[in-house]
2 protein chains.
Amino acid sequence: MPVDRQTYRDAMARLGAAVNIVTTANQTGRHGFTASAVCSVTDDPATLLVCMNRTSRSRAQFALGDPLCVNVLATHQQPVSVAFASREAMAERFESAHWTVLAPGAPVLDAAIASFDCVISEISEVGTHSVLFCAVQAVRLGEPAGGLIYFGRDYHALPQAVEQAPRRDYGA
Amino acid sequence: MPVDRQTYRDAMARLGAAVNIVTTANQTGRHGFTASAVCSVTDDPATLLVCMNRTSRSRAQFALGDPLCVNVLATHQQPVSVAFASREAMAERFESAHWTVLAPGAPVLDAAIASFDCVISEISEVGTHSVLFCAVQAVRLGEPAGGLIYFGRDYHALPQAVEQAPRRDYGA
């Protein structure tokens with residue numbers, strides 16, 4: 001018998017994770033949501049994955065072959081996380097920060113600590129969620145900064161790493 | 001053109017993640033490795049995923065239908081992470097901590113902040129890595145404690161959450 005949802009959520013609240021804004025863009029405009037279920041799959045070829053609720057209102061905007069950007073938030077960007085986890089309209093969410101575009105075309109968050117600009121290469125449906133496998137086409141290392149972590153149902157700030165490379169775009 | 005491996009790794013070093021010991025057991029004994037590429041897929045049915053290097057010496061020990069336990073480390077368990085990321089023999093790795101068993105049969109780390117006892121339900125091969133999808137059969141909420149995070153190629157301690165449930169096993 002699988003464990004009940006609330007118990008599983010209580011346990012998952014103990015798995016700390018980086019906070020990210022996942023974006024795309026298409027003819028209907030820009031779309032994005034706050035996500036902590038993001039992880040690296042392999043560096044050869046550079047691939048990451050994002051788990052997304054199928055009932056999310058943004059779900060239909062992320063299809064095979066579409067651009068997708070994972071923007072890793074710095075400590076001071078908690079307000080951006082809150083905006084993209086809210087019920088605000090997409091236009092208002094994007095107004096909470098500054099954006100640019102690298103190669104594949106999804107919105108890249110200017111002040112993110114790192115951005116992974118991808119194309120969705122595979123989608124697996126598992127229960128209530130879609131797992132989006134993403135081929136990384138370009139990377140931005142943002143200004144060196146600390147990281148924003150969600151743990152115990154709260155935000156936490158991590159200090160800036162000692163050896164962080166300077167801001168730079170790769171593969172764009 | 002995909003980004004090169006070193007650039008991708010430099011950017012991924014900016015994505016903070018919880019540190020976990022992923023274990024299994026079979027007729028050849030107990031096996032485990034340190035993993036940060038772990039994330040929740042869905043709470044219905046409770047499912048998580050673990051990314052694992054196909055060239056890892058433990059890879060052959062994790063097969064479809066096998067037990068797999070994700071043990072989320074608390075702040076004070078950095079030595080356990082180091083042991084399971086080392087070249088030590090499996091027996092020596094397991095000697096670095098105390099273990100028990102819940103339902104599916106993989107080693108459960110006594111002092112973990114949370115343990116997810118699973119059965120491997122699906123495996124996707126992506127480049128150099130295997131993505132292990134795991135159906136969660138039992139959960140242990142460990143003693144309330146802070147979390148251990150890897151960020152900027154270093155360990156960081158997160159404070160204990162204000163509202164953490166007491167230690168308890170579910171579904172075992």
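To start, this report covers the structure provided alongside it. (Residues numbered from 1 in each chain as written. Chains lettered and ligands numbered in written order. Predicted model: local features only at pLDDT ≥ 70, side-chain atom pairs only at ≥ 80, totals over all residues. Heavy atoms only, no water.)

Details of the relation of the copies chain B and chain A
Take chain B, turn it by 180 degrees, move it 0.0 Å along the axis, and it overlays chain A with an RMSD of 0.0 Å. With respect to symmetry, the two chain copies, as superposed, fit the operation of a two-fold axis. Relative to the rotation axis, the closest C-alpha in chain B is found at Ala17 of chain B, a distance of 2.5 Å. (Least-squares fit on C-alpha atoms with pLDDT ≥ 70 in both.)

Some remarks on the interface of chain B and chain A
Tallying the contact residues gives 61 residues for chain B and 60 residues for chain A. Across the interface of chain B and chain A, roughly 5,300 Å² is buried in total on both sides, 70% from carbon and sulfur atoms. Three residues stand out in chain B for area buried against chain A, namely Tyr8, Arg14 and Asp43 of chain B, and they jointly supply 16% of the buried area on that side. Linking chain B to chain A there are four salt bridges. The shortest N-O distance in the salt bridge between Asp43 of chain A and Arg5 of chain B comes to 3.5 Å. Of all the secondary-structure elements, those providing two or more residues to the side of chain B that touches chain A are α1 (5–12), β1 (17–18), β4 (38–43), β5 (46–53), β9 (114–126), β10 (129–141) and β11 (148–151) of chain B. Take the side of chain B that touches chain A: its biggest share by element is eight residues, from β10 of chain B. Residue classes in the side of chain B that touches chain A are distributed as 37 nonpolar, 17 polar and seven charged. (Contact = heavy atoms within 4.5 Å. Buried area = accessible area lost by both parts, 1.4 Å probe. Salt bridge = Lys/Arg side-chain N within 4 Å of Asp/Glu carboxyl O. Helix = DSSP H or I, 4+ residues; strand = E, 2+ residues; numbered from the N terminus. Nonpolar A, V, L, I, M, F, W, Y, C, P; charged D, E, K, R; others polar.)

Topic: helix α1 (residues 5–12) of chain A
Residue and element names in this part refer to chain A. Taken together, the buried positions of α1 are Thr7, Tyr8, Ala11 and Met12. Buried residues of α1, viewed axially, fall in a sector of 135 degrees; they line one side. You can read the cap of α1 off the contacts: a side-chain oxygen lies 3.2 Å from the backbone nitrogen of Gln6, and it is on Asp4. (Buried < 20%, exposed > 50% of the residue type's maximum accessible area, 1.4 Å probe, protein only. Arc of directions from axis to C-beta. Polar contact = N/O pair within 3.5 Å; in protein donor to acceptor, adjacent residues only side chain to side chain.)

A few points about the side chain of His156 of chain B
Looking at the element boundaries, His156 of chain B is found in strand β12 (residues 154–157). By relative accessible area, which is 14% here, His156 of chain B ends up buried. Those residues in contact with His156 of chain B, other than ones at most four positions away along the chain, are Leu158 and Pro159 of chain A together with Gly147, Leu148, Ile149 and Phe151 of chain B.

As for the pattern of salt bridges
Residues and elements named next belong to chain B. All told, the structure shown has 14 salt bridges over all chains when counted by the stated rule. Of the charged contacts, one joins Arg153 and Asp10 as a salt bridge, the two residues approaching to 2.9 Å between their closest N and O atoms. With a gap of 143 residues between them, Arg153 in the loop between β11 and β12 and Asp10 in helix α1 connect regions that are remote in the sequence. A residue is classified by how much of its surface remains accessible, and Arg153, at 45% relative accessible area, is partly exposed. Judged by its relative accessible area of 22%, Asp10 falls in the partly exposed class. We note a salt bridge from Arg140 to Asp110, for which the minimum N-O separation is 3.7 Å. Of the two residues, Arg140 sits in strand β10 while Asp110 sits in the loop between β8 (107–109) and β9, which places them 30 residues apart along the sequence.

With respect to the packing of aromatic side chains
All names here are of chain B. Counted under the stated rule, the structure contains 12 aromatic pairs over all chains. Centre to centre, the rings of Phe84 and Phe94 are 5.0 Å apart; their planes meet at 85 degrees, and the pair counts as edge-to-face. Separated by 10 residues along the polypeptide, Phe84 in helix α2 (residues 78–84) and Phe94 in helix α3 (residues 90–94) bring together distant segments of the chain. Residue classification places Phe84 among the buried positions, given a relative accessible area of 2%. (Phe/Tyr/Trp six-rings, centres within 6.5 Å; stacked < 30°, edge-to-face > 60°.)

Any functional reading would require information that these geometric values do not contain.
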